[in-house]
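Residues per chain are reported as follows:
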Amino acid sequence: MDSCAGKVELVTGEGDRLNLKSKLSQYVSMANIFSDGTIAELELIAYEPEDITKLVNFMMEN
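Residues numbered from 1 in each chain as written. Predicted model: local features only at pLDDT ≥ 70, side-chain atom pairs only at ≥ 80, totals over all residues. Heavy atoms only, no water.

S.K.: What should I look at first to understand the pattern of salt bridges in this one?
M.R.: Pairs can form between side chains of opposite charge once their charged atoms are near each other. For the structure shown, the criterion picks out three salt bridges. A salt bridge links Arg17 to Glu9; its shortest N-O distance comes to 3.2 Å. Each of Lys7, Glu9 and Arg17 takes part in salt bridges that share partners, so that together they form one network. (Salt bridge = Lys/Arg side-chain N within 4 Å of Asp/Glu carboxyl O.)

S.K.: Would you explain the sheet that holds strand β3 (residues 43-46) in this entry?
M.R.: Neighbouring strands of a sheet are bound in pairs by backbone hydrogen bonds; such pairs are parallel or else antiparallel. On the basis of which strands lie adjacent, the open sheet formed by three strands has the order β2-β1-β3 and antiparallel pairing. The sheet terminates laterally at β2 (17-19) and β3, the two strands that pair on one side only. For this sheet, the mean angle separating the axes of adjacent strands, direction not counted, is 30°. Alignment of strand β1 (residues 8-11) against β2, held across three bridges, turns out to be antiparallel. What sits directly across from Val11, in β2, is Arg17. (Pairing = 2+ DSSP bridges. Helix = DSSP H or I, 4+ residues; strand = E, 2+ residues; numbered from the N terminus. Axes fitted to C-alpha atoms, helices over the stretch in contact; angles between N-to-C directions.)

In structure tokens:
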């Protein structure tokens, strides 16, 4: 997330948007996502086209 040029948000199940450029938001969201060991669904919003490409490539490689 740190290398992304624009804003990247994680949308929670309740519809809240967390700014993933914030370290605190990153820690809180990751703790919640991995609390039960599974990720059923994940919605990310990236506002810059190059960030979308970067995130998709990262998810496909890892």
